[in-house]
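Working through the structure, step by step
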Amino acid sequence: MIRCHETQEEQYCSLQTSSSQALHRCITTLVGNTSSYISSLNLAGKRLYTGSNDGVVRLWDASTLETLAEASSSGDIITGERGGGGAVKSLVILSDKLFTAHQDQKIRVWKINDVVEEEVGDKKYIHLATLPTISDRFAKCLMPKNQVEIRRHKKASWVHHVDAVSGLVLSRDGTLLYSVSWDRTLKIWRTTDFKCLESITNAHDDAINTLALSENGDIYTGSSDRRIKIWRENINEEKKKKKKKHSLVATLSEHNSGINALALSGFNESLLHSGGSDGSILVWKREESEDIVVVGMLRGHTESVLCLAVVSDILCSGSADKTVRLWKCSSTDFSCLAMLEGHRGPVKCLTGAIRDSGKPSEASYHIYSGGLDSQVKVWQILVPTL
């Protein structure tokens, strides 16, 4: 059982931004539709997927971005207008499938067809399903016990999200898809037939904005109710069989504002990073005793932290203050390596990858940031290793 220590504010390790230790430059700015903003990003090998608030998903060739040198390009439209659904709030890729979470309460699944590599567009990406599927909805609506109250005097089957789907994450083996929503629910889907296996209703007291999944299967959810909750799958010790149901094992309540982003890092993912609406980032550590304690508070952003991403040993944070900050990611060193400036609007999403610098004395990264200024910026980061 996980126990969360009650940590007093004066015990927080509040760390200020240090002098920049990383060389950085913006190597490319990508611009799609200037009338819509970038709401989600995902990097899969050489492919960069971007989702925007008009429901469009675009594909960019990440292997050629460095040669564009501050150029603009429209990218290849995958979903087009038929993607629909309002803002694409999250993107995940599983082998030949693309899952997109939308403002219209739906999750859409797209088939990636790589038979003809040169052909990118609607013919290459085929809409497979919308979750919940018609068969899943039909099966659940027949039984009154499958109806849950979503608002006063209004009910829906438990397989439905009834507000924006704010986050998606895949299990390590790709068999399960986890989704969270502003409707305060956490749902678990099977990726083979897209069936909803479980729904945790009223998981939080307010909208759930983000989730993260650890290697051991623990689910972390962050909410506007200022809490992080940890959910674990129940195991029948007698039969050694896993049940479908998850239960709450811990509630972390040290944030003073709503939580917008979560990320895990460190050996065995022992560190949890959480970004709040007050501009702070808390660093939590799981100890050998399974206690989770706050070991640091990262300060520097002047407005809400909207997104977090971990690339190797670097924590990246994007904020409504229009900047991206890079932090050393360890249990003993939380120094700020760099502040990336250039966006003309809040930074909504982040992703990144390690690149070969060709030098043993430095590590190289590419960081991708998407903002409400309709731009995706690609940053090259060089960090000394000696």
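Quantities reported herein were computed from a predicted structural model and do not represent experimental measurements.

Moving on to the overall build of the protein chain. The helix and strand tally for the protein chain stands at 1 helix and 31 strands. Out of the 386 residues belonging to the protein chain, those deemed buried represent 54%. For the protein chain, long-range pairs separated by at least 24 residues make up 49% of all intrachain contacts whose partners lie at least 6 apart in sequence. Total accessible area on the protein chain is roughly 17400 Å²; 48% of this is exposed by carbon and sulfur atoms.

Turning our eyes to something else, we now look at the nonpolar core. Among the nonpolar cores identified, the biggest contains 20 residues, and Leu326, Leu350, Tyr365, Ile367 and Ile381 are the most heavily contacted of them. Residues contacting isoleucine 381, with those up to four places away along its chain left out, are Ala22, Leu23, His24, Leu326, Leu340, Ala363, Ser364, Tyr365 and Ile367.

On to the sheet that holds strand β26 (residues 314-319), then. In space, the 4 strands of this open sheet follow the order β25-β26-β27-β28, with antiparallel pairing throughout. Two strands lie at the open edges of the sheet, namely β25 (305-311) and β28 (336-341), each paired on one side alone. Averaged over all pairs of adjacent strands, the angle between their axes in this sheet comes to 20°, without regard to strand direction. Relative to β28, strand β27 (residues 323-328) runs antiparallel, the two sharing 5 bridges. Looking across to β28, one finds that tryptophan 327 is bridged to cysteine 336.

Before going further, it helps to examine the UniProt feature "repeat: WD" (unreviewed entry) in the protein chain. In the numbering used here, UniProt assigns the feature "repeat: WD" (unreviewed entry) to residues 45-70, 158-199, 201-231, 252-294 and 298-328. Helix makes up 0% of residues 201-231 and strand 48%, with an end-to-end C-alpha separation of 13 Å. Secondary structure content for residues 298-328 is 0% helix and 65% strand, and the end C-alpha separation is 11 Å.

Here we come to the packing of aromatic side chains. Taken as a whole and judged by the stated rule, the model has 2 aromatic pairs. Where tyrosine 49 meets tyrosine 125, the ring centres are 6.4 Å apart and the plane angle is 80°; that geometry is what we call edge-to-face. In this pair, tyrosine 49 sits in strand β4 (residues 47-52) while tyrosine 125 sits in strand β10 (residues 125-131), placing the two residues 76 residues apart along the sequence. The pair formed by tyrosine 49 and tyrosine 125 is uniform in burial state, with each residue classed as buried.

What counts as what
- Residues numbered from 1 in each chain as written.
- Predicted model: local features only at pLDDT ≥ 70, side-chain atom pairs only at ≥ 80, totals over all residues.
- Heavy atoms only, no water.
- Helix = DSSP H or I, 4+ residues; strand = E, 2+ residues; numbered from the N terminus.
- Buried < 20%, exposed > 50% of the residue type's maximum accessible area, 1.4 Å probe, protein only.
- Contact = heavy atoms within 4.5 Å.
- Areas by Shrake-Rupley, 256 points an atom, 1.4 Å probe, with all protein chains shown as cover.
- Core = buried A, V, L, I, M, F, W, Y, C linked by side-chain atoms within 4.5 Å.
- Pairing = 2+ DSSP bridges.
- Axes fitted to C-alpha atoms, helices over the stretch in contact; angles between N-to-C directions.
- UniProt positions renumbered as here; feature names shortened; annotations may be inferred.
- Phe/Tyr/Trp six-rings, centres within 6.5 Å; stacked < 30°, edge-to-face > 60°.

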